[in-house]
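# Coordinate analysis (summary)
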Amino acid sequence: MSAFPEISKIRYEGPESKNPLAFRHYDKNELVEGKPMKDHLRFSVAYWHTMRGTGGDPFGAATMLRPWEAAEDSVENAITRARAAFEFFEKLGAPFYCFHDRDVAPEGATLAETNKNLDAVAKVLKEEQDRSGVKLLWGTANLFGNPRYMHGAATSCNADAFAFAAAQVKKALEVTKELGGAGYVFWGGREGYQCLWNTDMKREVDHLAVFMHMAVDYAKKIGFTGQFYFEPKPKEPTKHQYDFDSAACINFLRAYGLADHVKMNIETNHATLAGHSVEHELDYAASQGFLGSVDANTGDMLLGWDTDQFPTDIYLTTKIMLMILKYGGFSTGGLNFDAKVRRESFEPVDLFHAHIGGMDAFAKGLKIAAAIRADGVLDEMVRERYSSWDAGVGAEIESGRHDFETLQKYMLDKGEITPNASGRQELFENVVNRYVF
Ligand code: XUL
Ligand code: CO
């Protein structure tokens, strides 16, 4: 039985198309900088939003119309949903998907039963992957939904919560491996605090490191070679999450000996919650050697929480793709739409509109970014701005030939610095606009 009987495969029709169920920019095989678009973008659908989002919010009940859902959740229902998911991925033409363990299969009365449920659905996921060619970008474990994690999982004050989380991640790693996942994500869930009076921060952060080391060790033991990612988010659900932003995460990874095993999964709306832009987070992470994957979405300028909207802003996608291209592109990572349709967009077709819009916005952003790079004007302007470092005292400092004493002598001899040049921010902004419109 088809879950989306009225929808056929979404095709590329070109920029002039007015067909809402077609791509205007995402032509998967079009070469950009010598590589097909699909390999630059590596789009992924987030199972938790697209297949499990109900439209419920703190003020109202579920709104989503999902004809394939039964009244009560069961393994059987989860299998029907998995088939619907793959029909969606295939019709959309998304090469990847991502999931939490609890998105795909219901919890049972015991851990053993829960694992059995997961195995039963994973078997179908594998079957559907083999049939369709759609792959798993990354797997993860939901360590925040169940009330046992009210104080956190790896950072809980309750050691049993840590132990349960360890058992859960062990299983999630096994399933991710079985499904050939290219990566595994740690997002902090409730790894943070609400109140410092009742919190032993040092102990909690130490425990988080112990937990991640256990995951890395177990992955090695079972031969899971996918990439681990750490996903920064500054707050929500706790008031302060330990994985606050890229800089905090990278410091943690380096301090606890995890830097060789874990890269970053950067999410747009998390970056803005941290008071950054996504391009800042990408630039920082990638320049430190931690570029991993991207959770593609956007927030709302007027709202201060994680609205997880689909990205349609061409400036945003251009900035992201400029960073991705600058640092050599994705290897194991991709663009995972960690985004949900609004609760008022309750029909199945809205899932298509949402993803088509996001994919087209990124395809256009990729093309603009490539055009900016091909001209090289922007790069040249930046290079020129730093030209004092290419020769003379700048080059000498960079090559380690100076110290405070030699620089004092240099300045005493010279007297005053070479006059500063204009930063030309407005010109830079205008130059970028040449490629956008
Ligand atoms: C939550 C969030 C998560 C992670 C995976 O804000 O982004 O969905 O991406 O746990
Ligand atoms: Co995310």
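Scroll up a little and you will see the structure.
As a starting point, this report considers the structure included with it.

## A look at the nonpolar core
In terms of nonpolar packing, the biggest core is built from 102 residues, with Leu-41, Tyr-97, Phe-230 and Leu-335 touching the most fellow members. At ten residues, the largest contribution of residues to this core is made by helix H12 (residues 348–375). In this structure Leu-41 touches Tyr-26, Met-321, Phe-330, Gly-334, Leu-335, Phe-362, Ala-363 and Leu-366, once residues within four positions along its chain are discounted.

## Some points on the coordination of the cobalt ion (ligand 2)
Surrounding the cobalt ion (ligand 2) are the protein donor atoms Glu-231 (OE), Glu-267 (OE), Asp-295 (OD) and Asp-338 (OD), at 1.9 to 2.1 Å. For the cobalt ion (ligand 2), the six donor atoms are set out with angles of 79 to 172 degrees between them, so the coordination reads as octahedral.

## Some remarks on the pairing of strand E6 (residues 96–100)
Most of E6 sits out of view: five of its five residues are buried. A two-sided burial pattern is seen for E6, the buried positions comprising Phe-96, Cys-98 and His-100 on one face and Tyr-97 and Phe-99 on the other.

## Remarks on the site of ligand 1
For ligand 1, the full set of nearby residues is Trp-48, His-100, Trp-138, Trp-187, Glu-231, Lys-233, Glu-267, His-270, Asp-295, Asp-306 and Asp-338. Note that an oxygen atom of ligand 1 is positioned 2.7 Å from one of the side-chain N or O atoms of Glu-231. Take Asp-338: an N or O atom from its side chain is 2.7 Å from an oxygen atom of ligand 1. When the free accessible area of ligand 1 is taken as 290 Å², the share hidden by the protein chains comes to 93%. A class-by-class count of the residues in the shell around ligand 1 yields three nonpolar, two polar and six charged.

## Side note on the side chain of Thr-176
Within the element layout of this structure, Thr-176 appears in helix H6 (residues 159–178). The contact partners of Thr-176, leaving out residues within four places of it in the chain, are Leu-136, Gly-139, Gly-181, Gly-183, Tyr-184 and Phe-224.

Procedures and definitions
Residues numbered from 1 in each chain as written. Chains lettered and ligands numbered in written order. Predicted model: local features only at pLDDT ≥ 70, side-chain atom pairs only at ≥ 80, totals over all residues. Heavy atoms only, no water. Core = buried A, V, L, I, M, F, W, Y, C linked by side-chain atoms within 4.5 Å. Buried < 20%, exposed > 50% of the residue type's maximum accessible area, 1.4 Å probe, protein only. Helix = DSSP H or I, 4+ residues; strand = E, 2+ residues; numbered from the N terminus. Contact = heavy atoms within 4.5 Å. Donors = N, O, S within 2.8 Å, 3.2 Å for Na, K, Ca; no water. Tetrahedral: all angles 85-135°; square planar, octahedral: opposite > 155°, others 65-115°. Near = heavy atom within 4 Å. Polar contact = N/O pair within 3.5 Å; in protein donor to acceptor, adjacent residues only side chain to side chain. Areas by Shrake-Rupley, 256 points an atom, 1.4 Å probe, with all protein chains shown as cover. Nonpolar A, V, L, I, M, F, W, Y, C, P; charged D, E, K, R; others polar.

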